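Breakdown of the fold
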Amino acid sequence: MHFPFMDTIAGNVTSYDPGRNAFDLETAAGQHFEVQVSGEVSAELLRNLDEPYADASDHLSDMLSPGRQLFVYGVFYPEGGGYTFEAKHITFLGRQAGEFNFEKSSWWVNQIDSIARFYRRAQFGTGPVDYREYRTLLRLGGEKTDSHIQETDTISRMVYGMASAYLLTGKEEYLTVAERGTQYLRDHMRFVDPDNDVVYWYHGIKVEGDHEKKLFTSEFGDDYDAVPMYEQIYALAGPTQTYRVTGDRRIASDIDHTMRLFENHFRDREGGGYFSHVDPILLSPHHESLGANRSRKNWNSVGDHAPAYLINALLATDDPRYAEMLERTFDTIVEHFPDYENSPFVNERFFTDWSHDLEHTWQQNRAVVGHNLKIAWNLMRMNAYKSKDSYRTLAEKIAKIMPPVGSDQQRGGWYDVVERVREAGQEWHRFAWHDRKAWWQQEQAILAYLILAGNLGSDDYVREARLAAGFYNAFFLDHDEGAVYFNVLANGLPYLLGTERLKGSHSMSMYHSAELCYLAAVYTNLLVARQPLQLWYKPRPEASRVLRVAPDLLPPGRVRLEKVDIDDKPYEVFDPKAMVVELPASAESLTVRVQLAPVA
């Protein structure tokens, strides 16, 4: 390919020769590139949202030290039978070699604070929080579109983000947004079926002045005119995270009644797992009207229960019913999803009998890279709660097998959708459509390798976590408009066309960016960097007087509850090991601040 082009290289400096103005960079795959730094080169320190640009251009000779991880964007010139690579922009991940800004104790807390401010302003301005003004679609800078269809899942995802922002910052305005959003979902998107004693959630509502039209079935693509399981799952994401904070018993009732819907209408009690769709009239997964979704199971219908709401419901209650469903779900994943005789990627779509559905609409025989990482991440969470060799074995297998086939070993970051099987003569798994990288798939990589590193302590997992977190923080943070980009090109530059230009859409609200901030703060501080973490709760008067403050399913004995304040006064009635606070009776909501710390 005899033409110059610009691209990104990620790696570690192995040597620097100031006389030649060049340094050697080793990538994750072990490739070595000589990088020329003569001419116009700008350099900066990695910065968080709302942090100023920190120019490092005049310090290159001091900072290009061996062992330093960085990103360099430059020009490949094919010449002399090879190529010359000249740097144009360098991003350093910390001031010193071995220092990573995103491992500072406040990094992820500050990031979720900034993201929450963006969505609060975009949806409600500076005035009261009125969800009649909520829009599913938001432009790049947060401006609203003319569309006024309010989707249940995007409201729920923003509610999740706001509840998580309160957990990390203690800022009341975020909890207000979360609670009012939860109530809006209950008042406008919830359907209570007393005959079957279940709750299900509308796809959304179309608002026209003072009138609203309920949209029962999905309006989205492959799910059109059906009731997809994943929409019902994500309707619970925000309220459940809010329940962790407030203990609102009405939310607990909604969780239980929606789970009854799952058990009565989506669950396959004979073959195991959950069907992906039911028809809107009979609530049957086998009705002919479902077309390609008839009698099908997939990752979203089986595995997404765990991260979206079920683990958080268990953390809030320690209810054995939730534990049983989690164990059953992960056992199902371990049994049916691996397909390593045929592909390094799990299989994601199935018929009733668990035979593989390899011709389903867009997915065909393709892998969503992030789903593999999501399985590894959540298996390790479950393994911390109930240890099984099968959970750890599969999580570690995924963690080891994925980087060469799912990540970009030269530029950094993780790909989107690829063909699960290589054809004869192919050395690379083909991209389904493009080589862009989505924000939510970077999240799965960061959390998977952080929790593996925190649980097992392997340097390999620490390295992968840093590579993923470095790429995400270097390229996905929108320092001009706020929040994070949907997609970037393979080289890290933002991709701003179509729905991928938006900050709010059917696919994007505040869920994944906030989930990343919350859990990266938990794993980094408590398991990897081993430093304290503060969290806030606001239990209501009618909430259980037993407040469970474990931030996630963490390895037993690794974290303790160190300190509790209630309404800014020290409080001593708590169990450090179980991370449980015995709350006093109160006619008002209590502000509870806890400090968690690694066990020495």
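Residues numbered from 1 in each chain as written. Predicted model: local features only at pLDDT ≥ 70, side-chain atom pairs only at ≥ 80, totals over all residues. Heavy atoms only, no water.

Some points on the nonpolar core
General note: in soluble globular proteins, nonpolar side chains tend to be found buried as a group. Of all hydrophobic cores here, the largest spans 170 residues; its most connected members are Tyr-131, Tyr-523 and Val-581. Looking at this core element by element, the count peaks at twelve residues for helix H15 (residues 511-528). Sequence-distant contacts of Val-581, defined by excluding residues within four places in its chain, comprise Arg-545, Val-546, Leu-547, Val-549, Leu-561, Val-564, Tyr-571, Val-573, Phe-574 and Val-594. If you look at the next biggest cluster of nonpolar residues, it comprises 21 residues, including Ile-9, Val-41, Ala-43 and Leu-70. (Core = buried A, V, L, I, M, F, W, Y, C linked by side-chain atoms within 4.5 Å. Buried < 20%, exposed > 50% of the residue type's maximum accessible area, 1.4 Å probe, protein only. Helix = DSSP H or I, 4+ residues; strand = E, 2+ residues; numbered from the N terminus. Contact = heavy atoms within 4.5 Å.)

Some details on a nonpolar patch on the surface
Residues Met-1, Phe-3 and Phe-5 make up a contiguous nonpolar surface patch of about 380 Å² in total accessible area. By the element assignment, Phe-5 lies in strand S1 (residues 5-17). (Patch = residues over 30% accessible without salt bridge, like charges linked within 9 Å, V, L, I, M, F, W, Y side chains within 5 Å. Areas by Shrake-Rupley, 256 points an atom, 1.4 Å probe, with all protein chains shown as cover. Salt bridge = Lys/Arg side-chain N within 4 Å of Asp/Glu carboxyl O.)

Some details on the packing of aromatic side chains
Under the criterion given, the structure shown has 33 aromatic pairs. When the centroid spacing of 4.9 Å and the interplanar angle of 50° are considered together, the rings of Phe-471 and Phe-475 count as tilted. You can see Phe-471 and its partner Phe-475 sitting in helix H14 (residues 459-475), four residues apart, about one turn around the helix. Just as Phe-471 is buried, Phe-475 falls in that class too. Of note, Lys-397 hangs over the ring of Tyr-340, and the distance from its end group to the ring centre comes to 4.9 Å. (Phe/Tyr/Trp six-rings, centres within 6.5 Å; stacked < 30°, edge-to-face > 60°. Lys NZ or Arg CZ within 6 Å of the ring centre and 35° of its normal.)

Let's talk about the pairing of strand S26 (residues 592-598)
Burial analysis of S26 places six of its seven residues in the buried class, which makes it a mostly covered element. Alignment of strand S20 (residues 533-537) against S26, held across five bridges, turns out to be antiparallel. Bridge pairing links Leu-533 to Leu-596 in S26. Relative to S26, strand S22 (residues 559-566) runs antiparallel, the two sharing seven bridges. Bridging across to S26, Ile-566 finds its partner in Val-592. (Pairing = 2+ DSSP bridges.)

Digging into helix H2 (residues 107-124)
With 18 residues, H2 should reach 26 Å at 1.5 Å per residue; the first-to-last C-alpha distance of 26 Å fits that figure. With respect to burial, H2 is a largely interior element, 15 of its 18 residues being buried. Looking one or two residues past H2, Gly-125 carries a phi angle of roughly 65°, positive in sign. (Expected span 1.5 Å × (residues − 1).)

Some points on the sheet that holds strand S25 (residues 580-582)
Here three strands make up an open sheet; going across it, the order is S21-S25-S24 and the pairing antiparallel. With one partner strand each, in any of the chains shown, strand S21 (546-548) and strand S24 (574-575) form the two edges of the open sheet. Sheet topology places S21 next to S25; three bridges connect them, and they run antiparallel. For Arg-548, the partnering residue across the bridge sits in S25 and is Val-580.

A word on the sheet that holds strand S11 (residues 211-215)
On the basis of which strands lie adjacent, the open sheet formed by three strands has the order S7-S10-S11 and antiparallel pairing. What marks the edges here is a single partner per strand, and that holds for strand S7 (149-151) and S11. For this sheet, the mean angle separating the axes of adjacent strands, direction not counted, is 25°. Each of S7 and strand S10 (204-208) is contacted by helix H3 (residues 152-169), which is oriented at about 55° to S7, the strand it contacts most. (Axes fitted to C-alpha atoms, helices over the stretch in contact; angles between N-to-C directions.)

A few points about the packing of H2 against H15
For the pair H2 and H15, interaxial distance at closest approach is 9 Å and the crossing angle is 165°. Between H2 and H15, the crossing angle belongs to the class labelled roughly antiparallel. The crossing of H2 and H15 is left-handed. On H15, the residues that touch Trp-108, Gln-111, Ile-112 and Ile-115 of H2 are Ser-513, Ala-514, Leu-516, Cys-517, Ala-520, Ala-521 and Thr-524. When grouped by side-chain class, the residues that make up the contact of H2 with H15 number eight nonpolar, three polar and no charged. (Parallel < 35°, antiparallel > 145°, perpendicular 65-115°, else oblique. Left-handed = near helix turned anticlockwise from the far one by under 90°. Nonpolar A, V, L, I, M, F, W, Y, C, P; charged D, E, K, R; others polar.)

Focus: the environment of Asn-365
By the secondary structure assignment, Asn-365 is in the loop between strand S15 (349-351) and strand S16 (366-368). Those residues within four positions of Asn-365 in sequence are excluded, and the remaining contacts are Leu-358, Glu-419, Arg-420 and Val-421. A polar side-chain atom of Asn-365 sits 2.7 Å from a polar atom in the side chain of Arg-420. (Polar contact = N/O pair within 3.5 Å; in protein donor to acceptor, adjacent residues only side chain to side chain.)

Quick notes on the side chain of Ser-276
By secondary structure assignment, the location of Ser-276 is in the loop between helix H7 (249-266) and strand S13 (277-278). Beyond its immediate stretch of four places on either side in the chain, Ser-276 contacts Val-227, Pro-228, Met-229, Phe-266, Asn-293, Arg-296, Lys-297, Asn-298 and Ser-301.

Here we look at helix H13 (residues 439-456)
With 18 residues, H13 extends 26 Å between its outermost C-alpha atoms, agreeing within 8% with the 26 Å of an ideal straight helix rising 1.5 Å per residue. A positive backbone phi angle near 75° is found at Gly-457, which sits one or two residues after H13.

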